[in-house]
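Structure assessment
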Amino acid sequence: MKSLLIKSAIASGVVLSLATFTRPVMAASFAVSIENPTVQTANYSNLVNARVQNFDASTLTTGYSANGFTWADEGTNIGNYQSTLIVDANVYGGAGGTGKYFDVDTKNGSQQSVSTLNLTTAQSYFGLWWSAGDPNNVLTFLSQGKVVQTMTTNDVVNYIANLPNKASYYSNPNSPFKGQNSGEPYAFINFYDVGGTFDQVQFTNIGGTGFESDNHTVATGYKSITGNVVVKAVPESSSLLGVFVIGFVGATSVLTSRVKKKSALQLS
């Protein structure tokens, strides 16, 4: 019996170590929702101190930048982006079909590319127009250098696929690209930090696909969780289970190969 207890304790310690290594136990829980089809902005009336980055400023040039750029709004420093790729609107991105959009650089030869948004002030909401979506996109939210939540867009893909109006989310909704790229969803996603805040967002793409987005929105607070809920906030007592679930989803995403769009920078 004593031997069995020791073995059990060791096994439990190993499992806990693996879970912690995969992702620290959450200090907060997140709820995720999507807006109705063709909506490309956040529900601003529901947000407190909302700020929006649409990547259309004349000071932002297209192409990849390791240093990124500073996000300032009416004289207020919202934060800074690092390792960024800015692309002119095309079939894969650009809210409204014009201007520019944000992409994770997947053309530098690596199999896992990361871009980072460092925020000057702690926020409790983040939203983005997710275009030409796929399940290989990952968002990681951190607070003071510690991970508080990691999410893949696999849940969003599966949620949309089971909607009765799923066809309304597929293909680019904007002229002059309307109806094109019908194999991928386009949706505005809301991320609500329930009972906590974050000061950094990491955008990761696993594999050779793209992670296109626009209208990045942050807010220090929100009135309620709105939109069509994809993932409900998980009680903190269940956060350890979340580690295993998200770790499993991440592993399957890496092992799943898929053919996706032609690189936006290689369009003829």
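Bear in mind the structure is a predicted one, so any value in this text is a computation, not a measurement.

1. A word on the packing of aromatic side chains
Two aromatic rings, taken as a pair, are described by how far apart their centres are and by the angle between their planes. Inspection of the entire model under this criterion finds 18 aromatic pairs. Centroid distance Phe126 to Phe141: 6.2 Å. Interplanar angle 65 degrees. Geometry classified as edge-to-face. Here Phe126, found in strand β10 (residues 125–131), pairs with Phe141, found in strand β11 (residues 137–143); they are 15 residues apart in sequence, far enough to count as distant. Judged on exposure class, the residue Phe126 and its partner Phe141 are both buried. An angle of 65 degrees between the planes, with centres 4.8 Å apart, marks the rings of Tyr192 and Tyr222 as edge-to-face. Taken together, the positions of Tyr192 in strand β13 (residues 187–194) and Tyr222 in strand β16 (residues 221–222) put the pair 30 residues apart, joining distant regions of the chain. Following the ring pairs from residue to residue traces out a cluster consisting of Phe30, Phe55, Phe69, Trp71, Tyr81, Phe102, Phe126, Phe141, Phe191, Phe198, Phe203 and Phe211.

2. As for the environment of Ala187
Looking at the element boundaries, Ala187 is found in strand β13. Since its relative accessible area comes to 1%, Ala187 is described here as buried. Separated by 57 residues in sequence, Ala187 and Trp130 place their C-alpha atoms 5.4 Å apart. Ala187 has contacts with Leu128, Trp129, Trp130, Ile160 and Tyr169, leaving out every residue within four places of it along the chain.

3. Quick word on the pattern of salt bridges
The full count for this structure, using the stated rule, is one salt bridge. In this structure, Arg51 and Asp73 form a salt bridge, with 3.3 Å as the shortest nitrogen-oxygen distance. With Arg51 in strand β3 (residues 51–53) and Asp73 in strand β5 (residues 69–73), the pair connects residues that are 22 residues apart, well separated along the chain. With a relative accessible area of 23%, Arg51 lands in the partly exposed category.

About the thresholds
Residues numbered from 1 in each chain as written. Predicted model: local features only at pLDDT ≥ 70, side-chain atom pairs only at ≥ 80, totals over all residues. Heavy atoms only, no water. Phe/Tyr/Trp six-rings, centres within 6.5 Å; stacked < 30°, edge-to-face > 60°. Helix = DSSP H or I, 4+ residues; strand = E, 2+ residues; numbered from the N terminus. Buried < 20%, exposed > 50% of the residue type's maximum accessible area, 1.4 Å probe, protein only. Contact = heavy atoms within 4.5 Å. Salt bridge = Lys/Arg side-chain N within 4 Å of Asp/Glu carboxyl O.

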